[in-house]
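# Examining the three-dimensional arrangement
So the chains spell out like this:
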Amino acid sequence: MHNITFTDAQIAWQAKAKEIAITHLLPNAARHDKEQSFNEAAFTAAAESGMLGIWIPKEYGGGDDGIAALALCVEEFSKADPAFGVAFAVNALGSLPIVLGGTHEQKAKYLPQVASGKAACAFALSEKFAGSDAGGLSVRAIDQGDGTWKIHGEKKWTTNGSRATIITVFAVSDPESRSRRLSGFIVENTDPGFSIGKVEDKMGIRSVPVNETIFDGIQLGEDRLLGGKLGMGFKHAMMTLDFARPGVAAQAVGTAAGALELATTYATKRRQFQKPISSFQMVQKMLADMAMKTEAARWLVHACAAAADQGDMKAVNKLAAMAKCYATDVAVEVATDAVQIFGGYGFMEDYPVAKFYRDAKILQIYEGTNEVQRMVVARNMVKSARDFDYLNSVIPQEEQKTFGVDYDILNA
Ligand code: CAA
């Protein structure tokens, strides 16, 4: 169990995010979605407020307000525009490898730029042939024998790719090794050999750029090797995802909350059979279920953020997978029901509810598919069951053997 409390600073950040959402996101979300253009005004407002440093330690120019503050802000943004919510969350995802695994010099060089909003970040892990199998990458980091590496290859679906000035990239530095195959590197968008490939044309989150990113023999020295250590890439990427998944889960909570708010308001205004449809029990059941699921998802996200902020690494892996999976499933269910409540109008782009429905789907796919999250949750459960034999503490082993439990096999 973790103590879920919010500091005054965290609550103030939430209020600031709400203000930015009302001023910059709500009135412009539909236009940016249509034009596939990024809401730079909202990003500038967030940067000017200091919000881009909330997950960054104070000594590197941040506010040290934790993953809880990140989740609160991402939820507020996503209520108004889930695409901006993910752009903000990915700025954290792209810089967390440096926060969690960087050397002091790397932190001192890059994190103040991120905190002030001078730099925007991306996280380049996925490739055309390596999505869920994050260990199966093919982008290479080739040792030049003089303390430098050349990065060769292409990454796929780099969220924020074309806006990012700092890209944390994971590449194969030792193809012969199983556990030390990958290393993380910090690439700057001005590095010779870096370029942006295809701009993806997406079903949802259309106002945030998602790109192919190309690394054509980018030469990097040891100062760009994440943490100054080879072979740590997989662990750095996994640790980062553990801390970043509450962000995407908060995006899901915001998406659900935004769709729910629209559906509730619409249900009170739309009249059929001479009554507002909110007076019909079947609509009420839908609204109540949507609200309960959204609230449950919100508290799971906060439980996970609390574990991350209290440094309980063991708990974070499972809670992050649970929060990401549950909240994103909820977002899709709630956005679907919200469209249903809007009826024919919900299917049209005239009302913003269709956009919530389109924006929701990717949540179940990126930052680890929900199939991967369920696998992570189950692996944690199986491991705990092995570590502590609950059954054995209730019924003696000898007795269990008569029920068909083979301890020799279990302990093999
Ligand atoms: N923290 C630290 N170390 C970890 C770890 C964690 N959370 N998870 C695994 N490891 C370590 C293991 O201990 C193991 O170490 P040893 O070899 O020393 O024993 C090693 O890493 C390998 O672990 P696994 O055997 O568990 O690895 P696996 O190959 O079975 O894969 C996986 C595990 C969970 C499926 C992983 O590949 C995964 O998370 N895949 C999904 C990738 C993903 O989330 N991609 C999203 C990209 S980002 C994105 O989408 C952003 C966006 O656009 C918005």
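Residues numbered from 1 in each chain as written. Predicted model: local features only at pLDDT ≥ 70, side-chain atom pairs only at ≥ 80, totals over all residues. Heavy atoms only, no water.

### Some points on the pattern of salt bridges
Applying the stated criterion across every chain yields a total of 24 salt bridges. Across the pair arginine 224 and glutamate 188 runs a salt bridge, and its minimum N-O distance is 3.4 Å. Of this pair, arginine 224 sits in the loop between strand 7 (210-221) and helix 7 (233-269) while glutamate 188 is found in strand 5 (residues 182-188), placing the two residues 36 residues apart along the sequence. Take arginine 224 and glutamate 188: they sit in the same class, and that class is buried. (Salt bridge = Lys/Arg side-chain N within 4 Å of Asp/Glu carboxyl O. Helix = DSSP H or I, 4+ residues; strand = E, 2+ residues; numbered from the N terminus. Buried < 20%, exposed > 50% of the residue type's maximum accessible area, 1.4 Å probe, protein only.)

### Overview of the domain arrangement of the protein chain
A common measure of how large an interface is: the accessible area buried when the components associate. The domain boundaries assigned to the protein chain delineate domain 1 (8-120), domain 2 (123-231) and domain 3 (235-387). The C-alpha centroid of domain 2 is placed 22 Å from the C-alpha centroid of domain 1. Contact residues are listed per partner, giving 29 residues for domain 1 and 25 residues for domain 2. Both faces combined, the contact of domain 1 with domain 2 buries some 2,100 Å², and carbon together with sulfur accounts for 57% of it. When the buried area of domain 1 at its contact with domain 2 is split by residue, Gln36, Tyr110 and Ala120 rank highest and sum to 27% of it. If you look at where domain 1 meets domain 2, you find two salt bridges. (Domains from an automatic or database assignment. Contact = heavy atoms within 4.5 Å. Buried area = accessible area lost by both parts, 1.4 Å probe.)

### Some remarks on the state of the cysteines
Evaluation of the coordinates by the stated rule reveals zero disulfides. Among the cysteines around cysteine 121, which has no disulfide bond, cysteine 73 carries the closest sulfur, lying 16 Å off. No disulfide involves cysteine 304; its nearest neighbouring cysteine sulfur is the one of cysteine 325, lying 13 Å away. (Disulfide = S-S within 2.5 Å.)

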